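A look at the structure
The primary structure of each chain is shown beneath.
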Amino acid sequence: MIHMFFPENSPVIAFAGILAAFLLTCLCTAKFAKYLPKDGGRDYAVQGKNSAGKPRGAGIIFVLVFAVTALIFADVSPELIIYIALVAVEMLTGYLDDASEKPWGELKKGLMDLAVAVVAAGTFLYFNTSAVSFAIFGITVDFPVPVYFVLAVLLVWMSINVTNCSDGVDGLSGTLSIISLITLYAVMEVTGSEDEFSFLILIFVVCILGYLWYNATPSRLMMGDAGSRAMGVFIALAAMKTGSPFIFLPAAIVLILDGGLGLVKVTIIRVLHVNIMKNVRLPLHDHVRKNLEWSNTQTVFRFAILQIIVSIATVYLIII
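Let me sum up the structure you'll find in this document.

1. Concerning the layout of surface pockets
Size it by volume and the second largest pocket reaches roughly 220 Å³. Per-class residue counts for the lining of the second largest pocket are 13 nonpolar, no polar and no charged.

Next up, the structure:
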């Protein structure tokens, strides 16, 4: 491990790191939010015009705080430094899109996400084995390295995009990401697969909490692609570091359904030229607000409740 600032890690230093991450996120957000680009509102989203004029791209703040505090307070190996850099790169590409007067096209963003996914998968396999534990069933399967590589690339790419698509209601994407990350942290603790990455999870979570301090309904600012894409790649990395990457499915099921069904719908329409979900407004958070008349607060709480229930059941199945 590489100790960037402290000679050795300790519970006191870890405690200080967690507090520092939260306080720095809050302080930096309060000080620098006014310099962020302003949102123009979205005609296609339910209540999209309500966001017009608010600072967006706040992900650049909490991700940079995460990177700095991780390097200062964690025992970072070369592997973890690469992961932190990938989260920062994904944040930067998202922020440049947030700050652009003309939104980037799907192809450009998709290729950048793919490049990050390839590097993430390659880095993981260089430092870890391709063995996959199915923690719920208590079995481990050695995957061929090329197969694991392809699946890992798909996991990272999917996680980035479903997390990004779920960002549309004050506090929703951040709250769901926190629940998913804490679920993965719990899996690491239960299965004994925890290492210094588990501490990075805690730092990342409290940085998101610092952002949510200002994003809770009614929000003062938004994370933008800078935050949602960075969260997506980090969740995927956390899933792989558990040793049970398929645990991503139950650990992030609400993110997957909320953000992923829209991707499925668009793909089916473009490829098969049929709309099998024509009566469902996607992302799902738009459907429940428009069709079921849920408030923003109800949407966040109910989606969070559903994910917590699935997460508790998942961890319990692993324990027994």
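2. Considerations on empty space enclosed by the protein
Enumeration according to the criterion identifies one cavity of 30 Å³ or more in this entry. Put simply, the largest cavity is a space of about 40 Å³. Around the largest cavity, the lining residues are T93, G94, D97, W104, K109, M112, D113 and R229. Put simply, the parts of the chain that give the lining of the largest cavity at least two residues each are α3 (78-99) and α4 (106-127). Residues belonging to the lining of the largest cavity are distributed by class as follows: two nonpolar, two polar and four charged.

3. Some words on helix α10 (residues 253-272)
G260 marks where α10 bends most, by close to 40°. When α10 is considered as a whole, its buried residues turn out to be V254, L255, I256, D258, G259, G260, G262, K265 and I268. Taken together, the buried residues of α10 touch α5 (145-165), α6 (172-191), α8 (224-241), α9 (248-251), α11 (284-290) and α12 (296-319). Phi turns positive one or two residues past the end of α10, at H273, with a value near 60°.

4. As for the pairing of strand β3 (residues 131-134)
As defined by bridge partners, β3 adjoins strand β4 (residues 139-142) across four bridges and the pair is classed as antiparallel. Its bridge partner lying in β4, S133 is registered against T140. Between β3 and β4, which pair antiparallel and follow one another directly, the connecting turn spans four residues, one of which, G138, has a positive phi of 70°.

5. What about the pattern of salt bridges?
Enumeration according to the criterion identifies eight salt bridges in this entry. Between K241 and E79 there is a salt bridge whose closest N-O contact spans 3.2 Å. Here K241 is found in helix α8, whereas its partner E79 is found in helix α3, with 162 residues between them in sequence. Residue classification places K241 among the buried positions, given a relative accessible area of 8%. One salt bridge in this structure joins D225 and R229, with 3.5 Å as the shortest N-O distance. Here R229 and D225 lie together in helix α8, a separation of four residues that amounts to about one turn. R229 shares its class with D225; the two are buried.

6. A short note on the environment of A216
Here A216 lies in the loop between α7 (196-215) and α8. Taking the relative accessible area as the measure of exposure, A216 reaches 43% and is therefore partly exposed. Considered as a pair, A216 and V169 are 47 residues apart in the sequence and their alpha carbons are 9.4 Å apart.

7. Looking at α4
For α4, with 22 residues, the first-to-last C-alpha span of 32 Å sits near the 32 Å given by 1.5 Å per residue. Each element contacted by the buried residues of α4 is listed here: α3, α5 and α8.

Rules and cut-offs
- Residues numbered from 1 in each chain as written.
- Predicted model: local features only at pLDDT ≥ 70, side-chain atom pairs only at ≥ 80, totals over all residues.
- Heavy atoms only, no water.
- 1 Å grid on protein atoms, 1.4 Å probe; cavity = no way out; pocket = protein on both sides within 12 Å on 5 of 7 lines; lining within 4 Å.
- Points joined across faces, edges and corners; volume = space filled by probe spheres on them.
- Nonpolar A, V, L, I, M, F, W, Y, C, P; charged D, E, K, R; others polar.
- Helix = DSSP H or I, 4+ residues; strand = E, 2+ residues; numbered from the N terminus.
- Bend = angle between axes of the 7 residues up to and from the residue.
- Buried < 20%, exposed > 50% of the residue type's maximum accessible area, 1.4 Å probe, protein only.
- Contact = heavy atoms within 4.5 Å.
- Pairing = 2+ DSSP bridges.
- Salt bridge = Lys/Arg side-chain N within 4 Å of Asp/Glu carboxyl O.
- Expected span 1.5 Å × (residues − 1).

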